[in-house]
Amino acid sequence: MDDAVREITEQDIVPRKTIPLSEECPDAPAVPAPILGALYDRLESCVRSYSRSFPTEFSSAQNTRLVDSNGTVFLDFFAGAGSLNYGHNHPALKKALIDYIKKDGVTQGLDMATGAKSAFLEAFDTTILQPRGLQYKIQFTGPTGANCVEAALKLARKVTGRAGIISFTNGFHGMSLGALSVTANPYYRNSPGSLPGPVTFMPYDGFLGPSTDTIDYIRRYLSEPGSGLAKPAAFIVETVQGEGGVNVASLDWLRRLSALAHEQDILLIIDDIQMGCGRTSPFFSFEPAEIKPDIVVLSKSLSGYGLPLSALLIRPALDIWAPGEHNGTFRGNNLAFVTATAAIKTFWSSRDLQEHASHLGRTLNAGLCELIEVVRQCGRGRAAWARGRGLIQAIDFGDPLMARRVVQFAFERGLLVETAGVEGSTVKLLPPLTSTSEDISAGLRILRSSVEAVLST
Ligand code: PLP
């Protein structure tokens, strides 16, 4: 496999063929977006959501560009909700996938050993874990992030024999509910930790304002016998809350949370589903805090190609699962293993992508800070904020209606972005890490034109 390990080159970062945007000029008239017709209303459930935010039919994509069936080109700063950190259809990943399919590589292998899985395990260990001084066992769960979170919670409960979990204000960890509660087999039902236990929401960093140290607050709850809080199995936390509105925990807060977990013998689960795989620049978002979580949840961009793949990283001493105790048909998607291995070798054998993403993140943040000034000058943005880490950046308008209209106007001008936060007052930007500086500038121009259009209405 070593022949595929090589330094990242400009060609990996810059798309080979740049598709020009339809609307790079902020003053240009809005793109008339084809509105999805009766087919979707008639046949797709009302539960659909992104086809409402971006009402057109997409047909092809490359790196930061999505093209719809009318040939209109959009700049994609949503990147499959963070599952396309290396852009759409990266050539190195696509080639690996096509080669594998051409040679009739195993596609569905349940969780059997396959060459694709062996290559992934090898590459993940040698290129991601070992250089970071990390030692984890890897559990392949069902392909969704939510299934991987379920596995993390079950394992934490099984290991500690405790039922409770501490989660955090504005946290988001998935949407699954109750599959095991309707499964009869007692092997699965009665597995220790498999049934949901109490969840207590504690204040995330900054939730109680700048003058309240929420770690001290949590410590008090955990150490006072009269607090009413039973010792939980684990903390589950995101280093940056993506869906929750791009709330960024300080590195010091993360370090102190890790120390508190250690001190109280509570497991620390980092949900790196959205912030991992380079979104905040380093591969793992917790690296700069220099902590070693007990359990790490990975999904979204792990396959690098938008193919479903989730993995739980488990401190070896905690790997007390019995065989098949958390199982599922699609544990280990071989096509995803192939692209994930190619992504690791293409992007993580050097620091180039990490530095590139960090540079782009600073540019994006500076552009958003300028935009905040524009909003404030119009007297509309007293609550406006720009924040983020690496290439997860956001502008919080403090006004859900304004954020929703900015998203809509941006779409009409050829830029895909989404709202985030419990009230939806934040516009979240997560361009592919393989974006160019020109992409970031073009996105900022469209965003500015959209904000100005909203302000003038
Ligand atoms: N955890 C985090 C931090 C997420 O951002 C998400 C999805 O956005 C999930 C869990 C759930 O992942 P999935 O939608 O694949 O179930």
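Provided above is the structure to which this section pertains.
Everything quoted here is computed from the prediction, not taken from an experiment. (Residues numbered from 1 in each chain as written. Predicted model: local features only at pLDDT ≥ 70, side-chain atom pairs only at ≥ 80, totals over all residues. Heavy atoms only, no water.)

Considering helix α10 (residues 251–264)
Along an α-helix, a turn takes 3.6 residues, which lines up residues three or four apart on a common side. Spanning 14 residues, α10 covers 20 Å between terminal C-alpha atoms, matching the ideal 20 Å at 1.5 Å per step. Among the residues making up α10, those that are buried are Trp253, Leu254, Leu257, Ser258, Leu260, Ala261 and Gln264. For α10, the angular spread of buried residues about the axis comes to 160°, placing them on one side. Among the structural elements, β5 (165–168), α9 (214–223), β7 (234–237) and β10 (267–271) are those in contact with the buried residues of α10. Count one or two residues on from α10 and you reach Asp265, which has phi positive near 60°. (Helix = DSSP H or I, 4+ residues; strand = E, 2+ residues; numbered from the N terminus. Expected span 1.5 Å × (residues − 1). Buried < 20%, exposed > 50% of the residue type's maximum accessible area, 1.4 Å probe, protein only. Arc of directions from axis to C-beta. Contact = heavy atoms within 4.5 Å.)

A few points about the site of the ligand
If you check the shell around the ligand, you find Thr144, Gly145, Ala146, Phe172, His173, Gly174, Glu238, Glu243, Asp271, Ile273, Gln274 and Lys300 and nothing else. Phe172 is positioned such that a nitrogen or oxygen atom in its backbone is 3.5 Å from a nitrogen atom of the ligand. Partitioning the shell around the ligand into residue classes produces three nonpolar, five polar and four charged. (Near = heavy atom within 4 Å. Polar contact = N/O pair within 3.5 Å; in protein donor to acceptor, adjacent residues only side chain to side chain. Nonpolar A, V, L, I, M, F, W, Y, C, P; charged D, E, K, R; others polar.)

Overview of helix α5 (residues 91–102)
Here α5 is 12 residues long and its end C-alpha atoms lie 16 Å apart, about the 16 Å a rise of 1.5 Å per residue gives. Inspection of α5 places Leu93, Leu97 and Tyr100 among the buried residues, and these make up the whole buried set. Angular distribution of buried residues about the axis of α5 spans 65°; they occupy a single face of the element. Away from its buried face, by an angle of more than 90 degrees, α5 presents the exposed residues Lys95 and Lys102. Turning to α5, the residues buried within the fold contact α6 (115–129) and α11 (334–347). Phi for Asp104, located one or two positions after α5, is positive at around 55°.

Quick look at the pattern of salt bridges
Throughout the structure, instances matching the rule amount to 20 salt bridges. Here Asp439 makes a salt bridge to Arg65, at a shortest N to O gap of 2.7 Å. A residue pair is termed long-range when its members are at least 10 positions apart, and Asp439 in helix α14 (residues 437–455) and Arg65 in strand β2 (residues 65–68) qualify at 374 residues. A relative accessible area of 3% means that Asp439 is categorised as buried. On the basis of relative accessibility, which here comes to 5%, the residue Arg65 falls in the buried class. A salt bridge links Asp294 to Arg315; the shortest N-O distance between them is 2.8 Å. Here Asp294 is found in the loop between β10 and β11 (295–298), whereas its partner Arg315 is found in the loop between β12 (311–314) and α11, with 21 residues between them in sequence. Look at Asp294 and you get buried, because its relative accessible area is 12%. (Salt bridge = Lys/Arg side-chain N within 4 Å of Asp/Glu carboxyl O.)

Considering the packing of α5 against α11
Remark: α5 packs on α11, axes separated minimally by 9 Å, with the N-to-C direction vectors making an angle of 140°. α5 and α11 meet at a crossing whose hand is right-handed. Along its contact with α5, which presents Ala92, Leu93, Ala96, Leu97, Tyr100 and Ile101, the element α11 presents Asn334, Leu335, Val338, Thr339, Ala342, Ala343, Thr346 and Phe347. Partitioned by chemical class, the residues of the contact of α5 with α11 number 11 nonpolar, three polar and no charged. (Axes fitted to C-alpha atoms, helices over the stretch in contact; angles between N-to-C directions. Left-handed = near helix turned anticlockwise from the far one by under 90°.)

Digging into the sheet that holds strand β6 (residues 199–202)
Taken in spatial order, the seven strands of this open sheet run β4-β12-β11-β10-β7-β5-β6, and their pairing is mixed. Of all strands in the sheet, those with a lone pairing partner are β4 (137–140) and β6, marking the two edges. When the angles between neighbouring strand axes are averaged without regard to direction, this sheet yields 20°. Pairing between β11 and β12: four bridges, direction antiparallel. Looking across to β12, one finds that Leu298 is bridged to Ala311. (Pairing = 2+ DSSP bridges.)

Details of the nonpolar core
Nonpolar side chains in soluble globular proteins tend to end up buried together. Phe124, Phe168, Phe235 and Phe284 are the most contacted members of the largest nonpolar core, which totals 91 residues. Mapping this core onto the domain boundaries places at least three of its residues in each of domain 1 (10–76 + 352–455) and domain 2 (92–347). With residues near it in sequence (within four places) discarded, Phe124 still touches Leu129, Ile138, Phe283, Phe284, Leu298, Leu302, Leu313 and Ile344. (Core = buried A, V, L, I, M, F, W, Y, C linked by side-chain atoms within 4.5 Å. Domains from an automatic or database assignment.)

That's the geometry; what it means functionally is another story.
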